[in-house]
Amino acid sequence: MNQGVVSSPISLNIPIYVVGPTTLTQRLVSVGVNQSLISP
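Residues numbered from 1 in each chain as written. Predicted model: local features only at pLDDT ≥ 70, side-chain atom pairs only at ≥ 80, totals over all residues. Heavy atoms only, no water.

## Here's the deal with the overall build of the protein
The following threshold applies: Strands are runs of DSSP state E lasting at least two residues, helices are runs of H or I lasting at least four, and both sets are numbered from the N terminus onward. For each residue, the accessible area found with a 1.4 Å probe, counting protein chains only, is set against the maximum for its type, and the residue is called buried under 20%, exposed over 50%, and partly exposed in between. The accessible surface values rely on the Shrake-Rupley method and a 1.4 Å probe; as for residues, cover is taken only from the protein chains in view.
Each helix and strand counted, the protein has 1 helix and 2 strands in total. When its helices and strands are written in sequence order, the protein yields β-α-β. The buried share of the protein, taken over its 40 residues, is 15%. With an accessible surface of roughly 3400 Å², the protein has 58% of that area assigned to carbon and sulfur atoms.

See below:
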């Protein structure tokens, strides 16, 4: 898995379905993904 750092916020307007640990969701939020777009 790529552990790279994203320097600019990600602007997505589509829902993101996460299959995996909650740490993955937290990582997406930390790089700028809107939490309201993330569905477990």
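Let us keep going from here.
## Thoughts on the environment of Ile-14
Position of Ile-14 among the secondary structure elements: in the segment before β1 (16-17). Taking the C-alpha atoms as reference points, Ile-14 and Leu-37, separated by 23 residues in sequence, lie 6.7 Å from one another.

## Section: the confidence of the model for the protein
We apply this condition: On a range of 0 to 100, pLDDT expresses the predictor's confidence in each residue.
When pLDDT is averaged along the protein, the result is 77, and 70% of the positions lie at 70 or above. Element-level pLDDT for the protein is lowest in β1, with a mean of 84, against a maximum mean of 88 in helix α1 (residues 22-30).

## Brief notes about the environment of Val-29
Heads up, the condition is: Whether two residues are in contact is decided by their heavy atoms, any of which lying within 4.5 Å being enough.
Tracing the backbone shows Val-29 in helix α1. What makes Val-29 partly exposed here is its relative accessible area of 33%. Setting aside its immediate chain neighbours within four residues, Val-29 contacts Gln-35 and Ile-38.

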